[in-house]
Each structure stands twice: as C-alpha cells, then as structure tokens.
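# Geometric and topological summary
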Amino acid sequence: MNGFQGFNREDRTNGLRADRGERAKAYFSRPGFERPLQAIWDRYASFGKARGNAVVRNATPEECEMVNSFMGWNVKPGGNIRLPLAAFERELLESAFAMTIEELHAVLTGEPLLTKSDRQQLDRQEWEELFRIVKGELEREEGLLHPVVADWLEQLKAGKADGYRMLRELWRQYAQDAERELANAAAAWNLLLARHLCSEQRLEQSSMQSIEPLLGGLRSDDSRLDGLLDRSDPASPSDGLHPIRLPVLAALATGNPHALDRNVPAGRLLFQALRVSARRAVPEPGQDQESEVRCRADRIGQMGLISQVDRTGQAVNAADSAEAIAGSDSDSDFESESAGTPERDSSIEEPEASAIEADSLASREIYRVAGIADDDISTLVHVFIPWESGGLSILSLRQIERMKQVPFAGDLYVVENPAVFSTLIDMTERWLEKGGAFRLSVDGPALLCTSGPASAAALRLLDRYVQEGPRCGTLYYSGDFDVKGIEIGNVLAARYRGQFRPWRFDSQSYAAGSRSSNREGIRFSDEERNRLKQMGAVWDDSLCRAMSGIGRKLFQEEQIAFYMEDWMCALEHAVAGVSDSSK
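Residues numbered from 1 in each chain as written. Predicted model: local features only at pLDDT ≥ 70, side-chain atom pairs only at ≥ 80, totals over all residues. Heavy atoms only, no water.

### Some remarks on the overall build of the chain
Looking only at helices and strands, the chain features 26 helices and 12 strands. Within the chain, the fraction of its 583 residues that count as buried is 47%. In the chain, the share of contacts with a sequence separation of at least 24, taken over all contacts with a separation of at least 6, comes to 70%. Approximately 29000 Å² of the chain is accessible, and the part contributed by carbon and sulfur atoms is 49%. (Helix = DSSP H or I, 4+ residues; strand = E, 2+ residues; numbered from the N terminus. Buried < 20%, exposed > 50% of the residue type's maximum accessible area, 1.4 Å probe, protein only. Contact = heavy atoms within 4.5 Å. Areas by Shrake-Rupley, 256 points an atom, 1.4 Å probe, with all protein chains shown as cover.)

As structure tokens, then:
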C-alpha cells in the first residue's frame, strides 16, 4: 500500500515538473524574451553562477513589456535594460515555474547551460579525440606510424606546431573536414618518411611487409613506379631515394591526387611540417653537416624562410619572429587550459604576400629537400636573345635546371609586362630585318619577361646567370609603379642586390612620367597609399613616399617609348662593340 502511494507521489511530482516546464516554455517563448534570455545565458556561462548583470541594449517595446511583466519593473523602450542575474533567479524560483536559471535553460533549449569552464573542458576533450582518432586510423590502416609523425601530431595537438591555428579554425567550423585533412597530411608524411626509413635493399627484406602498405602496394622495383618516381631529377636528395611527385604522393597516401595541393588544408599542413624538418637537412656526400645545412638554408631561405644559421648549423626560422609583427594567434579559450604552455603558430598560410609566396623557388626547395619533386613543367619564363637563332624562347623550370650552360648574354633587361616585352621584340625584329648585323655572336643584352611576380623558372634562370653566366652583367628591372610592382621589384632587388639596377623604376622616373602624362590615370586607394607609406623600395628610399604623395599609378605601357629607346641603345652599343673588336 505504501509503495503504491509512493509511486503516485513520485508520478504526481514528475507530472507537476512537466507541467511547469510546458508553462515555462509557453511563457518565455513569447516575443520580447529572446534577447534578454540570451544575455542571461551568456552572463551565467561566464561566471558559472547567478552573478553580475545581463545587459540588453536599445530595448524594444516588446522586450520592455516582457521584462516589466516578469520583474515588476517599469523600464522604457530605447534604453538599456540591466538584469541582475541574482534578482532574476530569485523571481524565477518564487514564480509558478519554481526553477533555477540552469533548469530554465534546459527546459527551453533541451541542452545544459555550460559554463565557460565546462565548454573549455568539453572543447579540449573533443580536440584530443580528433588526434586520437587520426592516430588510431593511421596505425590501423598503414601498419606503421613513423615516430616523427607521431611527435608532430602531439605537437600540433598541444598548439606548438606550425599550422595549428588553421587546423583549429577548420575544426571549429567543420570537425569532419578537419579530421580528413589532418589524416591526409599525416598519411602523406608517414609515407614520405617510410621511404627514407629503409633503403631499396631493405625493402626487399622482411621489413617490406610493414612498409609495403605505405607504398600503396607498389614495391620499389615495380615497373609501375618507373612512371611515378623521377629517377633522374637533379633535386634528388642525398639519401639516394628517387623524388616522388606531389600529386603521386597524394594519390598513394589518400586516393586523391589533389589532396596535398597548397590551397587545401592538408597540403598546407604537410608543407608546414616539411618546412620545419628542412632545418635538419642531411649532409650530402663530401660535405660536413654544418656546411650542408648552410647550403640548404641558403637555397630555402633566400627570402626569409630561414633567415640565419647559427654556429652549430641550426637553422633559425624567420617566420617565428614574424609572428610578433603579425600579432598573436593564440586562442583564449584553449590557452587557459594549456597549463602554461603557450600556443604558437608560425604558419605562413596567410597573408599570401609572405616571404615564401614572394619567392616561388623557396617553397619548392622545401619539397625538394624532403624528397618531393615539384611541378617543373608548368612554371615558365619568356626570354629573348636577339643574336641567337630563333631569338624568343619559352623555357620551363625543368629545362633551365637541366641546361649544361645558360645561353650566352651580357646585361639582362627584365620587364614585368608581356605587352611591353612583345613590343620590344617587335621593334628588335624590324631592326634586325633592316641590317642583320646583330646576328653575330656577341655578349649582347637579353630581354626577359616575368609576366607578373617572378616565377620559379624566372628566378632559377636569373640565379644561373648571376652564379655561372659566362659574363654576368647588370640586371635592369622595370615594373609598374603600384604596390604590387614595388613588391615584385623588392624580391629581385633583395635577391640580386649586387647586379640589380632599376630600369626607369625610381622616384625621378615616376615623377617625370606622372608629369608628362596628359591623363589623370588610376589613383591609389586610401588603403594602397597607407601601404606605400609603410613599405619601401629596396633600391630607392624615396620612391614609395613619392608615389603616395602624387597618388597616381604609372604603368609600364605608359613608359613604352622610354624602354624602346633604352633597349635600342643597348643593341646598338653591342653592335658597336663587335665592330670595334673586328678592326
């Protein structure tokens, strides 16, 4: 009998709670409660209890009516409503609903009201679960997880590895995408390191059983690899392994040849991992470790990837110090739970105008040091050597790197604009048709077009002329007088400081060109003028100030007559040199 009565009392209690919940839903779902309740949830979550004031700014008539009816106040529309959480919860408990703020939140939303500390704990658990899942899948599917990859995953989880911020933001928005991208990057690096783990002879032994899955089922002597691995690439690493093309690595590791492209998160994560590992480059035969690290640092760090090498040969990453300029990337919610371990992200993914993006060869060297052969076919440079048969050449990076010797030339005239380049070639060909004397083999000038920012092919060709050209003269460069033109010029001026000369690309030429033009032209925006004030041209300290002051963009096409005059003088000077030497 008592048990039956107890059941009825419990049942009645549950019924009363359910009834109160339904009435609370009906009451607090009325128009005018949405913003006040959200302000209450936010304030409660911050303190973890009914403390402080929830503020509703510029209250509407509906909001004032609802608050006044519940709290017994008389607030007016248009002002700010300050709701003390303690007073609201007291009214709530004494009302017909008889519940706390946390209970009201659960009734209205169906979810618990998590405090900041609750959210941080849950956030941390889910973040760690991401790495546990990825690591587990790699160990299960690949059969072997390289210790370097395992350590990288731990560093990334702790916020200490490059690429952390990008991955963290992706995970917050699309957790499944973050899991896939992290798994793709880790699988690719695992495969890459597995190739270094064993020599080709060891791959034939028992260890092949654990490495073979990482090669996508292909053995090193499999004929199918002949089309996949470049066995003659000049960038082959010193360990004797054949470089593998990035799309091939992506296909073998993920099943998608574009999974490691630099415009996708997995590709950026892998690049960051390789960039760090490039600091520990293995010396080539005949070189001690210090000299090799210095050599690789020079190749990788021309424009700031690695800015210094200390006496021990340890490369110092310039991007680490750049973080202080760009601002902190730390996440305040995650930082508080890291037990004093600071977050950092020396990632160079954004902005695109970073040092690595500016120097297209630098990023390629990162891949090459790791044993990844880059795309050396798509990157091109246009070269015109008037006295050579054919004159105009379109060279790929592959051709340039495999030349036994660069074409003979003296001074190099470099333009950014293809239309200007073509105009100068048209003029030269007409001149040659009239006389033809310039077809003699002389160390005359060559004309080169970068077609915008200097491509890897353009930089490599200029590198070879500067380092090994039979007669390396002066590098004359001309670009547009705008922000991008200065940035492109700075890359070349810093890289070839000893040979670089501006070709009608200084403050005097800019002022003269602006005055001589009878059209207003395109004006700099306020943002562009501010950027010009903050930047500088390596070759002319006053140029950016002059451009910001005059405020007009000046393009190469507007200066074409001056370029034609200078180029013709260079040609005639070379012919005069031949004539003098033949007397």
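### Considerations on the packing of aromatic side chains
All told, the structure shown has 24 aromatic pairs when counted by the stated rule. When the ring of W503 is compared with that of Y563, the centres are 5.1 Å apart and the planes differ by 65 degrees; the resulting orientation is edge-to-face. Placement of W503 in the loop between β12 (500-502) and α23 (507-516) and of Y563 in helix α26 (residues 560-582) is noted, with a sequence separation of 60 residues between them. Each member of the pair, W503 as well as Y563, is classed as buried. Chaining the aromatic ring pairs together yields one cluster made of Y27, F28, F33, F70, F88 and F97. The ring of Y27 is capped by R30, whose NZ or CZ atom sits 4.2 Å from the centre of that ring. R168 extends its terminal NZ or CZ atom over the ring of W127, reaching a point 4.8 Å from the ring centre. (Phe/Tyr/Trp six-rings, centres within 6.5 Å; stacked < 30°, edge-to-face > 60°. Lys NZ or Arg CZ within 6 Å of the ring centre and 35° of its normal.)

### A look at the sheet that holds strand β7 (residues 380-384)
With mixed pairing, 6 strands are arranged side by side in an open sheet as β8-β7-β10-β9-β11-β12. Of all strands in the sheet, those with a lone pairing partner are β8 (392-396) and β12, marking the two edges. Across the sheet, the mean angle separating the axes of adjacent strands is 25 degrees when strand polarity is ignored. The sheet contact formed by β7 and strand β10 (residues 446-449) spans 3 bridges and is antiparallel. Across the sheet, the residue bridging to H382 is C449, located in β10. Strands β7, β8, β9 (412-415), β10 and β11 (475-478) of the sheet are contacted by helix α21 (residues 456-468), whose axis makes an angle of about 50 degrees with β7. (Pairing = 2+ DSSP bridges. Axes fitted to C-alpha atoms, helices over the stretch in contact; angles between N-to-C directions.)

### Considering the packing of helix α2 (residues 34-47) against helix α5 (residues 101-109)
α5 packs onto α2 with a crossing angle of 125 degrees between their chain directions and a minimal axis gap of 11 Å. Comparing their axes, α5 and α2 come out oblique. The handedness of the crossing between α2 and α5 is left-handed. The residues of α5 that touch α2, namely those facing L37, I40, W41 and Y44, are I101, E102, L104, H105 and L108. In terms of residue class, the contact of α2 with α5 is built from 7 nonpolar, 1 polar and 1 charged. (Parallel < 35°, antiparallel > 145°, perpendicular 65-115°, else oblique. Left-handed = near helix turned anticlockwise from the far one by under 90°. Nonpolar A, V, L, I, M, F, W, Y, C, P; charged D, E, K, R; others polar.)

### Describing the nonpolar core
Counting residues in hydrophobic clusters, the biggest one holds 48 residues, and the most contacted among them are W152, L156, L182, W189, L249 and L274. Elements with a minimum of two residues in this core: α6 (116-142), α7 (147-157), α8 (164-173), α9 (175-197), α12 (246-254), α13 (265-277) and α18 (360-369). Looking at which element gives the most residues to this core, the answer is α9, with 11 residues. For W152, the residues in contact, after removing those within four places along its chain, are A161, L182, A185, A186, W189, L269 and A273. Grouped together as the second largest cluster of nonpolar side chains are 43 residues, W387, A446, A493 and L532 included. (Core = buried A, V, L, I, M, F, W, Y, C linked by side-chain atoms within 4.5 Å.)

### Observations regarding the packing of α8 against α13
In the contact formed by α8 and α13, the axes pass within 10 Å of each other and the chain directions differ by 155 degrees. Of the possible angle classes, the one that applies to α8 and α13 is roughly antiparallel. As for how α8 packs across α13, the hand of that crossing is left-handed. Facing α8, whose interface residues are M166, L167 and L170, α13 presents P265, R268 and L269. Class assignment of the residues belonging to the contact of α8 with α13 gives a composition of 5 nonpolar, no polar and 1 charged.

### As for α13
A rise of 1.5 Å per residue sets the reference length of α13, with its 13 residues, at 18 Å; its end C-alpha atoms lie 18 Å apart and thus fit the reference within 8%. Counted residue by residue, α13 has 11 buried out of 13 residues, so it is predominantly covered. For α13, the complete set of buried residues consists of P265, A266, G267, R268, L269, L270, F271, Q272, A273, L274 and R275. (Expected span 1.5 Å × (residues − 1).)

### Quick notes on unusual backbone geometry
We note that A98 has phi near 45 degrees; this positive angle belongs to a residue other than glycine. By the element assignment, A98 lies in the loop between α4 (85-94) and α5. Given the relative accessible area of 36%, A98 is considered partly exposed. Even without a glycine there, the phi angle at S451 is positive, about 55 degrees. By the element assignment, S451 lies in the loop between β10 and α21. The partly exposed category is assigned to S451, whose relative accessible area is 40%.

### Structural notes on the pattern of salt bridges
Within this structure, the stated rule accounts for 24 salt bridges. The partner of E129 in a salt bridge is R132, and the shortest N-O contact between them spans 2.5 Å. Residue E129 and its partner R132 are both found in helix α6; the two are separated by 3 residues, about one turn of the helix. With a shortest N-O distance of 3.0 Å, K553 and E528 are connected by a salt bridge. Taken together, the residues span a long stretch of sequence, with K553 in the loop between α25 (543-550) and α26 and E528 in helix α24 (residues 526-534) at a distance of 25 residues. By relative accessible area, K553 is classed as buried at 13%. (Salt bridge = Lys/Arg side-chain N within 4 Å of Asp/Glu carboxyl O.)

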